[in-house]
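Single-letter residue listing:
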Amino acid sequence: MKIATFNVNGVKGRMPRLLEWLDDARPDIACLQEIKTGDATFPAEPIRAAGYEPVWHGMPRHHGVAILARGHAPRERRRGLPGDDADGQARYLEADVGGLRIASVYLPNGNPVPSPNFDYKLAWMERFVAHAQALLAEAGEVVLAGDFNVVPTDADIYNAGSWRFDAVLQPPTRAIWARLMAQGWVDAARHLHPRQRDLYTFWVNEAAYHRNAGFRMDFLLLSPALLPRLRRSGVDAAHRVRDKPSDHAPTWIDLDEGTVR
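Residues numbered from 1 in each chain as written. Predicted model: local features only at pLDDT ≥ 70, side-chain atom pairs only at ≥ 80, totals over all residues. Heavy atoms only, no water.

*Asks:* In this structure, what is going on with the nonpolar core? I would like to understand it.
*Replies:* One broad rule of soluble globular proteins: the nonpolar side chains tend to lie buried together. Tyr92, Phe128, Leu144, Phe148, Leu180, Trp185 and Leu221 are the most contacted members of the largest nonpolar core, which has 25 residues in total. Only strand S7 (100–106), helix H3 (116–138), strand S8 (142–147), helix H4 (171–182) and strand S10 (218–222) provide two or more residues apiece to this core. Ranked by residue count, the leading element in this core is H3, at nine residues. (Core = buried A, V, L, I, M, F, W, Y, C linked by side-chain atoms within 4.5 Å. Buried < 20%, exposed > 50% of the residue type's maximum accessible area, 1.4 Å probe, protein only. Helix = DSSP H or I, 4+ residues; strand = E, 2+ residues; numbered from the N terminus.)

*Asks:* Would you mind going over the sheet that holds strand S12 (residues 251–255) with me for this structure?
*Replies:* The strands making up a sheet associate through hydrogen bonds between their backbones, and the pairing can be parallel or antiparallel. Strand order across the open sheet formed by six strands is S3-S4-S2-S1-S12-S11, with mixed pairing between neighbours. Strand pairing shows two members of the sheet lacking a second neighbour, strand S3 (53–57) and strand S11 (230–235), which therefore form its edges. Here the strands of the sheet are splayed against their neighbours by 15 degrees on average, with no regard to which way each runs. Where strand S2 (residues 29–33) and strand S4 (residues 65–69) come together, five bridges link them in antiparallel fashion. If you follow leucine 32 over to S4, its bridge partner there is alanine 66. With respect to the sheet, helix H1 (residues 15–25) is in contact with strand S1 (2–7), S2 and S4, its orientation differing from that of S1 by roughly 160 degrees. (Pairing = 2+ DSSP bridges. Axes fitted to C-alpha atoms, helices over the stretch in contact; angles between N-to-C directions. Contact = heavy atoms within 4.5 Å.)

*Asks:* What am I meant to see in the sheet that holds strand S5 (residues 75–79) here?
*Replies:* Within the open sheet, the six strands sit side by side as S5-S6-S7-S8-S10-S9. Their pairing is mixed. For this open sheet the edge positions go to S5 and strand S9 (186–187), each flanked by a neighbour on one side alone. Of the strands in this sheet, S5, strand S6 (92–97), S7 and S8 touch H3, which is tilted by about 15 degrees from S6. In the packing of H4 onto the sheet, the strands contacted are S9 and S10, and the crossing angle to S10 comes to about 30 degrees.

Written out as structure tokens, the structure reads:
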């Protein structure tokens, strides 16, 4: 089973790139972030025509997440994180797909630092950590997939010094990430490639891509129960420099079928 995550940076404008990637990569499950469209205007029909059944949590012009599945209809379990009923930003969607609990996650960027944006990022992360702990207790086989807007270590960026003031590298950001991982989640790509630096998934522009000046900010985190099924991971980096691309590249894992139903 191939599970992928892709920050599309606008699903309607990037539809040709999304459909091209779905046809090339053939993931069984794809989590999307920054769909940037409302629930009523999400382009479900071309996605269904490509063989995928979608669920989505959108908002006009900003944020938004979706889960696409081939051969299964995702069963939505939650949209939005618990803990703040006033939070109207569409950043979290959770569904059951083929025996797995899948979450598509778009964590706040948080810039500039300091600012209310950064305060919101940290508060959102605290809510996410609490919900992730509950998922481990109740759901068994879980994948948290998405753009986490965190660079966990200096090995996950081409030059940490150049970005040391950015929200994605701040010590409080990294400290909350460390608490999340201490719950037992497995960073699939880092588990399989513990010493490889250039597992990058984001480049600020095409010139940065050609210099290999990237960030690793898109992750597939597995509950411990899924680790025995993990076989491969990769980044479809070439999609970053196709015509009118997203600034992120899709990243994916392969799991043994196991007990998928």
